[in-house]
Structures are given as C-alpha cells and as structure tokens.
Amino acid sequence: MEKIIQITAGRGPAECTWVVAQVLKKVLDEAQDQKLEAILLQREVGQENGTIETATIAIKGTNAKIFANSWIGTIQWIGQSQFRKMHKRKNWFIGIFEIEARKNTSISENDIQYQAMRSSGAGGQHVNKVSSAIRATHIPTGIAVVSMDSRSQHQNKKLATERLLKKLEDETLQQLKNHVGKQWENQLNIQRGNPVRVFTGSDFKKNKVEKGYKGTRQKLKTDLRNENN
C-alpha cells in the first residue's frame, strides 16, 4: 500500500512555511514510530531559514492509508509569529492533500534490446577485436545505455542491464516529481476551519486530534478558501 501526500503553505506567509517544516518533521517521526516507510519525493524551501513552502511524501506500508487519512485536511498552529514579533495574529493554517500516484509499469525483459559493439580505446584503437561492448535499449521509451567496462560480453550485458534499470527508475521518479508539480493548484485550496490537527507554541506540541477527518474534509469544501496574509 502506498499513499502520497503533499504538505503545503499555499499562499500563506512565512509563518505558514515554518509550520510546514514542523509538520514535515512530525509526519516523518510518526511514520517511523508506526513502522511505515516515508520517502521525501519533493521539497521547496521557503524564503526564511528553516522553512518549507511545500513537501511531498510517499508513505508505504500496511497501514499507509489509515496514516495518510489521519493527516489529510487543514493543520492549525496557534502561536506567536517567529518572524514578526509584534504581529497580532495567533492562528496559522496549512494544508495536507493526497496526490494520486502514477501507475508504475513493470519492465519486461522482452522490452530490452541488446546490441553488441566493439569497445574502442584512446586514439580510436580497439581494446579488443571481439564485439564485447553492449548497448541496452528500453524499446518502449528509447532510453539506452552502453557498457564496455569488461572484456566479457556477458559481464557487460549484466552491467548494461543494471544501468538501464537504474536510469529507468530515475526517469520514473522524475516523471512523478513533474506530476507532483502539476498538483500545485492544491496550494489555492487551503481552507480554515475544523482542522484535523492543532499544534501550539514554539515547541509545536500537539493540542488535539480531530477524529472525524472524513467529515472534516467534506466540510472544508464549503469553508473559506485560500490562505491570505
């Protein structure tokens, strides 16, 4: 089971980006306590030190869905601004949203084409006269790698396969990050009211947990939209 969530300050001021940074720590710590794997997929730092505009996390594990649902919604922090000491406002809001994961396509060995080629050294001289170098191409995407590290064609084929799979994995991750980037409209939908979790003070202690998060999410659709100054 995997769930992807985005923690965002939306259009909120620096105080909200500080809250995002604190919530990110809480999410990672809580996931670890519950024996879940939490992978930070994307993070955009804020203008102030120690702040984060938005962060995207993949939660993996048996109870990933329950864990994610316990966080999804509006998060409220009650406290004095860390950046504007004379500011009267004491309530700050950020949002946590679920992002639909892209479907992973398994890589079949039939999708990889191998081509033998001669290894060449400096000055155009052949390292050996047999075609020991291997080019591995992933046919569906056209992504290709070459291995000429070894004099053994078998070993070069193995190395080429490993490099191709790693390159495809990196490409998939990049596509996911791009997909996440398109979800930034979530930042326009942070709403106040009925927060799923409330934290207080500079030490960011949890104040309460709203159990009815499903009802909360529904009500949030009718609450005030956008996070203003």
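Criteria and thresholds
- Residues numbered from 1 in each chain as written.
- Predicted model: local features only at pLDDT ≥ 70, side-chain atom pairs only at ≥ 80, totals over all residues.
- Heavy atoms only, no water.
- UniProt positions renumbered as here; feature names shortened; annotations may be inferred.
- Helix = DSSP H or I, 4+ residues; strand = E, 2+ residues; numbered from the N terminus.
- Buried < 20%, exposed > 50% of the residue type's maximum accessible area, 1.4 Å probe, protein only.
- Contact = heavy atoms within 4.5 Å.
- Areas by Shrake-Rupley, 256 points an atom, 1.4 Å probe, with all protein chains shown as cover.
- Salt bridge = Lys/Arg side-chain N within 4 Å of Asp/Glu carboxyl O.
- Pairing = 2+ DSSP bridges.
- Axes fitted to C-alpha atoms, helices over the stretch in contact; angles between N-to-C directions.
- Parallel < 35°, antiparallel > 145°, perpendicular 65-115°, else oblique.
- Left-handed = near helix turned anticlockwise from the far one by under 90°.
- Nonpolar A, V, L, I, M, F, W, Y, C, P; charged D, E, K, R; others polar.
- Polar contact = N/O pair within 3.5 Å; in protein donor to acceptor, adjacent residues only side chain to side chain.

Looking up the protein chain in an unreviewed UniProt entry gives the name Peptide chain release factor RF2, with the organism given as Flavobacterium bizetiae. Listed in UniProt under the heading Sequence similarities (unreviewed entry), the comment for the protein chain reads: "Belongs to the prokaryotic/mitochondrial release factor family."

Undergrad: What is the right way to read the overall build of the protein chain from this model?
TA: Across its full length, the protein chain carries four helices and 10 strands. Residue burial in the protein chain is summarised as follows: out of 229 residues, 40% are buried. If you take every contact in the protein chain between residues at least 6 apart in sequence, the share linking residues at least 24 apart comes to 62%. Accessible surface for the protein chain amounts to roughly 13,400 Å². Of this, 47% is attributable to carbon and sulfur atoms.

Undergrad: How should I be thinking about the pattern of salt bridges in this particular structure?
TA: Taken as a whole and judged by the stated rule, the model has seven salt bridges. In this structure, the salt-bridge partner of Glu98 is Lys3, at a minimum N-O distance of 2.9 Å. Of this pair, Glu98 sits in strand 5 (residues 91–99) while Lys3 sits in strand 1 (residues 2–8); the two residues are 95 residues apart in sequence, bridging distant segments of the chain. For Lys3, a relative accessible area of 16% corresponds to the buried category. Across the pair Arg197 and Glu30 runs a salt bridge whose closest N-O atoms are separated by 2.9 Å. You can see Arg197 sitting in strand 9 (residues 197–200) and its partner Glu30 sitting in helix 1 (residues 14–33), a full 167 residues away along the chain.

Undergrad: I'm lost on the pairing of strand 5 in this one. Help?
TA: Among the nine residues in strand 5, seven count as buried, and that is most of the element. Of the pairings in the sheet, the one linking strand 1 to strand 5 comprises five bridges and is antiparallel in character. Residue Gln6 lies in a different strand from strand 5, and its bridge partner there is Phe97. With six bridges connecting them, strand 4 (residues 73–78) and strand 5 associate as antiparallel partners. Bridge pairing links Thr74 to Gly95 in strand 5.

Undergrad: What am I meant to see in the environment of Glu162 here?
TA: Position of Glu162 among the secondary structure elements: in helix 3 (residues 153–181). Classification of Glu162 as partly exposed rests on a relative accessible area of 44%. Placed 26 residues apart in sequence, Glu162 and Ala136 show a C-alpha to C-alpha distance of 9.7 Å.

Undergrad: Whenever I open this one, the packing of helix 1 against helix 2 (residues 64–71) confuses me. Can you help?
TA: A pair of packed helices is characterised by two quantities: the angle between their axes and the separation of those axes. One way to put it is that helix 1 packs onto helix 2 with a least axis distance of 12 Å and a crossing angle of 155 degrees. For the element pair helix 1 / helix 2, the angle class is roughly antiparallel. Read as a crossing pair, helix 1 and helix 2 show a hand that is right-handed. Here Val23, Lys26, Val27, Glu30 and Ala31 of helix 1 lie close against helix 2, whose contacting residues are Phe67, Ser70 and Trp71. In the contact of helix 1 with helix 2, the residues fall into five nonpolar, one polar and two charged.

Undergrad: Can you walk me through the sheet that holds strand 6 (residues 112–117) in this structure?
TA: Strands in a sheet are paired, the pairing made by backbone hydrogen bonds, and the direction either parallel or antiparallel. Strand order in the open sheet made by the three strands is 6-7-8, with antiparallel pairing throughout. Looking along the sheet, the strands with just one partner apiece sit at the ends: strand 6 and strand 8 (143–147). Strand-to-strand twist in this sheet, taken as the mean axis angle between neighbours without regard to direction, amounts to 20 degrees. Here strand 6 pairs with strand 7 (residues 133–138) via six bridges, running antiparallel. Bridging from a neighbouring strand, Gln115 pairs with Arg135 of strand 7.

Undergrad: Help me out: how do you make sense of the side chain of Asn156 in this one?
TA: Residue placement: Asn156 occurs in helix 3. By relative accessible area, Asn156 is classed as buried at 0%. Within the local environment of Asn156, its side chain forms a polar contact with the backbone nitrogen of Asp149, the two atoms lying 3.1 Å apart. Excluding anything up to four places from it in sequence, Asn156 contacts Ser132, Ala133, Ile134, Ser147, Met148, Asp149 and Ser150.

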